[in-house]
Amino acid sequence: MPQELRIVLRNVDKIDALKIDDYIDANGYKPLEKARSMPQADLIQEIRQSGLRGRGGAGFNTGQKLAFTYSAAGDQKYIVCNADEGEPGTYKDRVIMQSDPHAVIEGMAICGYAVGATKGYIYCRGEYPYVAEILNAAIAQAKEKDVLGEFDVEVCLGAGAFVCGEETALIESIEGKRGEPRCKPPYPPVSGLWGKPTVVANVETLANLPQIVDRGSGWFAAIGAAGYPGTKVLTLTGDVVNRKYIEVPTNTTIKEVIYEFGGGIAGGRKFQAVQIGGNSGGIIPESLLGTQIAFDAMAAVGATLGSGAVFVMDETRDLRDVVCRMAKFFEHESCGKCIPCREGTMRMFDLCEKVGQGKGTAADLALLQEIGETMAVACFCGLGQAAPTPVLTAIKHFDLLAGKGCA
Amino acid sequence: MANLKIDGIAVEIADGSTILQAAQAAGINVPTLCYHPDQSVKANCRICVCEVEGQRLLQAACSTPVAGGMVVKTNSAKVLKARRLILKLILAHHPQDCLNCTRNKNCELQTLAEEYGIRDNPFELKLKGYAEDNSTRAVVRDQDKCIVCRRCVETCSVVQTVNALCVEDRGSDIMVAPVLGKSLAETACILCGQCIHACPVGAIHENEQIDEFLAAVADPDKIVVTQIAPAVRVAIGEEVGLATGEMPMGKFVAGLKHIGIDYVLHTNFTADLTILEEGNELLRRVKEGGKLPMFTSCSPGWINFCETFFPDLLDNLSTCKSPQQMFGALVKTYWAEKMKVDPSKIYSVSIMPCTAKKGEAARPEMSDSGFRDVDLVLTTREVGRLFRMSGIDFDKIQPGEFDPWMGKYTGAAVIFGATGGVMEAALRTVYEVVTGETLADVNFTAVRGMDGIKEATVNLAGLEVRVAVGHSLGNARKLMDQVRAGESPYHFIEIMCCPGGCIGGGGQPITKCNAKRAERIGGIYVEDEQCPIRKSHENPEVKQIYEDFLHEPLGHKSHQLLHTHYAPKNKSIL
Ligand SMILES: Cc1cc2nc3c(=O)[nH]c(=O)nc-3n(C[C@H](O)[C@H](O)[C@H](O)COP(=O)(O)O)c2cc1C
Ligand code: SF4
Ligand code: SF4
Ligand code: SF4
Ligand code: FES
């Protein structure tokens, strides 16, 4: 029986999130002290060697990102924590921030020291005002205890658009502009918030850092899948027995996640499909359940790890409804900046609705596929590029025209 | 320098260039819609996507920097498939209205639809169903045709710093619209029409008044008299298949008579007159301690801007009306007297490079002749359409001549069409008037060209006069902020609302880039060189009008007919 391994969730249910002394008693803020005793380049090298890759979806090596920001010229640099958590079915960042806010703040301060940034922002999902309160309380305590030194953190509340989770749209939003992605390059490490070198990192990514600094890169690199070491926090939703969050090493398979941790399909029904990574993720058939929940392993089967949401569907779900709902989500969330996304999501939704009503034809599926394939390679940002994934994977692995239980 | 391969062609190009620039250097045309050569990269239409070896995603040519060793395919099957689908997506959400559109045969979207052979579209046609915004007298927005490229927004906010347009809503409901859900007339829009040039499609256009014109020429009771603004000749050829600058004035006059105009006169005449009035006004302000710096006042978009954004500095504006309005006031008084015609029968049409002139002519105060001074303003583009409608072959037509009393002009008036021209014309005259000497060289090249702000110092018999020239309102704003802060070192400032001056006006043939503006400016100075007289005060008809009618610059008659005052606009939206 595989076991959970709690690194970022290590303090859950063990400490009071609103008591900084609890956190400090649990070895909190000592890694930050240790980090500050190291030369910046050595610290960055240590993080790079741990192999930690971003947990926000893009999977970029975090140490590398710090190195770029460190070497970029700038009189001011910023650390931005991406806590927008907009993917439906995902709530792992909320759990982390609610149960252990100081781990995130400490991770930010470590990054701040590493790259020479004295200011951090936490961009907190607009629907999480109570989380922002916890974060603000934690920041106030950290200031009072003077554990952050020069480093200052501020919480910004998001305005509710999914696209604002995209790092450059997030930056625009903090700057008070329309939440829309920017052209890349330049990437944020070179020109980010107010044009200054900026690290944008996910909550879970940041919460890993104190442990990596404390226990060393070798310890971390040995956990889980080699190319994407460490653990992943997953949120199980849909037709599983245990709808809960777990933290498991990244070499755990999807099958283990659903059957060992999730307790299998609820009501004794049969498995039909699972979607991982939120609405942007692929819809995965039974034949691929042996895939590890690691970045590259998922990419190899045409799926994504994304945010780590695991949405399980049993045999009674009509996949046509599922993809239709997702198409509607993207039609609603497209920021509208680029043509293939704003027009493509609208047309995909139209066609999915038709298919969902049982009126679809093979030509409709072919057109859906054509739009999807174009969006995936031509849209301006990750939202539009990923938007067709559920539809494309559903077409690939299932017979959508047949509908329910069509595997 | 970076070395790369585009469709198998080796290209060497400066680091920091884009794939689009590299492709152009290799002689390959990559399609664009949101790209504008003088603007920031937007990369939102995605029509320019290309394949780059080793990259899973297609890359937008307009925004992707080149790298050494890059291998680019601009027309692979994958690329063409994406572009054609994107075009179909646009067209299925766009009025199928080419036949009725102001941009028919001159539309970037239509051209691409043709080039990519878009025949049948699998998507159901959906229209957004917005009403046309014709709230202003000059600029009409046809929102349904907007492809949300945002080029107009950048022009309005960055080039002109007016901020009348913005991006609203999201997803497929996204739109570019006047700010705060207002009609265009309620915003700070100053009617310059620069957004029309920025627009790749027919979503913004001039308020077209061809029907009014045709009705007037068909009316036997109307004497249709026209004036031609200085910047029109150099560009009108572009409307009828000639190169920039290649319309001889005589043929232009003949063309206008052919479309039914009874008398053809020239705004250049009142441009020369403006120099005498404005030059003397400047000298008076300098001598008598009047408000300085004095700003030129011939550009109505600029006047609107000043009234809207700098109402506290209106006293710095010259009181001279624009040449169009001076002409309007004189044609129904002085000219009617000379020609012995009933001024109430005169229908005064001006041919302008400008959309804002349509608004200016309609200002209530512009009726000092006792009638509406200017009855109708047609833009260069509208006259182009009239020429094409009437089937004139400009290769074969015999040149015509201007009618008397208000048709003669000098090179100084010709250069009013280019940024710096009014300043140069004024300096030619003021210098000779003040010093009593003849200028050895009439060319003041320091104030010419496309630089945003130009300055010069001229010694007038011991008086150092400092002048500045700004074109486009972003540059005007810089000069005005200086004045407001009490830090302006200048005596006299020329402002033209449009980039490049009137040759780049909102009514000119669609002008995508500043390079075209520079080309027209070249044509203007060639025409100036060819003029036998190049100083306004030497214009014989101008001398005549002072002898017979006005008597002296800034005199009683001038005051009555040629000068005006402006008032704050008090736009609540600012
Ligand atoms: C449409 C869209 C939404 C995104 N939403 C989030 C989000 O909610 N949280 C997040 O951490 N990253 C999100 N990302 C990824 C970010 O752009 C970025 O890669 C990430 O914040 C980098 O942090 P990491 O390296 O720690 O993963 C999103 C990306 C896209 C394209
Ligand atoms: S793909 Fe385009 S329209 Fe969609 S969210 Fe990104 S930038 Fe906006
Ligand atoms: S904007 Fe272009 S494509 Fe659209 S109707 Fe006009 S000419 Fe046709
Ligand atoms: S009105 Fe024209 S220039 Fe402006 S966004 Fe629309 S298509 Fe582009
Ligand atoms: S021209 Fe490149 S994206 Fe529009």
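What counts and what doesn't
- Residues numbered from 1 in each chain as written.
- Chains lettered and ligands numbered in written order.
- Predicted model: local features only at pLDDT ≥ 70, side-chain atom pairs only at ≥ 80, totals over all residues.
- Heavy atoms only, no water.
- Contact = heavy atoms within 4.5 Å.
- Buried area = accessible area lost by both parts, 1.4 Å probe.
- Salt bridge = Lys/Arg side-chain N within 4 Å of Asp/Glu carboxyl O.
- Polar contact = N/O pair within 3.5 Å; in protein donor to acceptor, adjacent residues only side chain to side chain.
- Helix = DSSP H or I, 4+ residues; strand = E, 2+ residues; numbered from the N terminus.
- Nonpolar A, V, L, I, M, F, W, Y, C, P; charged D, E, K, R; others polar.
- Near = heavy atom within 4 Å.
- Pairing = 2+ DSSP bridges.
- Axes fitted to C-alpha atoms, helices over the stretch in contact; angles between N-to-C directions.
- Domains from an automatic or database assignment.
- Buried < 20%, exposed > 50% of the residue type's maximum accessible area, 1.4 Å probe, protein only.

**Here's the deal with the interface of chain B and chain A**
Consideration 1: The partner chain A presents 33 residues to the 35 residues of chain B that form the contact.
Consideration 2: Buried area between chain B and chain A, summed over both chains or domains, comes out near 2800 Å², and the portion from carbon and sulfur atoms is 57%.
Consideration 3: Counting across the chain B and chain A interface gives four salt bridges.
Consideration 4: Salt-bridge contacts for K81 of chain B lead to E373 of chain A; the nearest nitrogen and oxygen are separated by 2.8 Å.
Consideration 5: Between chain B and chain A we count 15 residue pairs in polar contact (both at pLDDT 80 or more) in total.
Consideration 6: Considering each element in turn, the side of chain B that touches chain A owes the most residues, seven residues, to helix 2 (residues 77–91) of chain B.
Consideration 7: For the side of chain B that touches chain A, the class distribution of residues is 19 nonpolar, five polar and eleven charged.

**Here we look at the site of ligand 2**
Consideration 1: Around ligand 2 sit 13 residues in total, of which C335, C338, C341, C381 and G384 of chain A are the nearest.
Consideration 2: The class makeup of the residues in the shell around ligand 2 is nine nonpolar, three polar and one charged.

**Some points on the sheet that holds strand 3 (residues 49–52) of chain B**
All names here are of chain B.
Consideration 1: Spatial ordering of the open sheet is given by 2-1-5-3-4, a layout of five strands whose pairing is mixed. This sheet does not close on itself; its edge strands, each paired only once, are strand 2 (9–13) and strand 4 (59–60).
Consideration 2: Inspection of the sheet shows strand 3 paired to strand 4 by two bridges, in the antiparallel sense. Following the sheet pairing, V49 is matched in strand 4 by A60.
Consideration 3: Of the strands in this sheet, strand 3 and strand 5 (71–73) touch helix 2, which is tilted by about 160° from strand 3.

**Some thoughts on the domain arrangement of chain A**
Residue and element names in this part refer to chain A.
Consideration 1: Taken domain by domain, chain A holds domain 1 (20–222), domain 2 (228–314) and domain 3 (319–405).
Consideration 2: Centre-to-centre, using C-alpha coordinates, domain 1 lies 33 Å away from domain 3.
Consideration 3: Across the contact, 13 residues belong to domain 1 and eight residues belong to domain 3.
Consideration 4: When domain 1 packs against domain 3, close to 810 Å² is buried across both sides, 75% of that on carbon and sulfur atoms.
Consideration 5: Contact with domain 3 buries surface across domain 1, with F162, V163 and P181 losing the most and accounting together for 55% of the total.

**Thoughts on the pattern of salt bridges**
All names here are of chain B.
Consideration 1: Tallied over the full model, the rule gives 60 salt bridges over all chains.
Consideration 2: Residue D97 is joined to K145 by a salt bridge in which the shortest nitrogen-to-oxygen separation is 2.9 Å. Taken together, the residues D97 in the loop between helix 2 and helix 3 (108–115) and K145 in the loop between strand 6 (139–141) and helix 4 (151–159) connect sequence positions 48 residues apart.
Consideration 3: You can call K145 buried: its relative accessible area is 5%.
Consideration 4: Each of E424, R428, R448, D528 and R534 takes part in salt bridges that share partners, so that together they form one network.

**Thoughts on the pairing of strand 7 (residues 231–238) of chain A**
Residues and elements named next belong to chain A.
Consideration 1: Of all eight residues in strand 7, eight are buried, a share of seventy percent or more.
Consideration 2: Inspection of the sheet shows strand 7 paired to strand 8 (residues 245–249) by five bridges, in the antiparallel sense. Its bridge partner being in strand 8, V233 is matched across the sheet by E247.
Consideration 3: In the sheet, strand 7 pairs with strand 11 (residues 309–314) via four bridges, with the strands oriented parallel. The partner of L236 across the bridge, within strand 11, is V310.

**Let's talk about the site of ligand 4**
Consideration 1: In the region of ligand 4, the neighbouring residues are C146, I147, V148, C149, R150, C152, V176, C199, P200, V201, A203 and I204 of chain B.
Consideration 2: Of the residues that constitute the shell around ligand 4, the class distribution is eleven nonpolar, no polar and one charged.

**Some remarks on the domain arrangement of chain B**
Residues and elements named next belong to chain B.
Consideration 1: Under the domain assignment, chain B is made up of domain 1 (2–75), domain 2 (125–205) and domain 3 (211–562).
Consideration 2: Just the C-alpha atoms count here: the centres of domain 1 and domain 2 sit 29 Å apart.
Consideration 3: Contact with domain 1, which involves eight residues of that partner, is made by nine residues of domain 2.
Consideration 4: Surface buried jointly by domain 1 and domain 2 totals about 660 Å² across both partners, of which 47% is contributed by carbon and sulfur atoms.
Consideration 5: By the criterion of area lost to domain 2, the three top residues of domain 1 are L33, Q39 and N44, representing 59% of everything that side buries.
Consideration 6: At the junction of domain 1 with domain 2, the criterion picks out one salt bridge.
Consideration 7: Between E154 and K42 there is a salt bridge, and its shortest N-O distance comes to 2.7 Å.
Consideration 8: In this assembly, domain 1 and domain 2 are joined by seven residue pairs in polar contact (both at pLDDT 80 or more).

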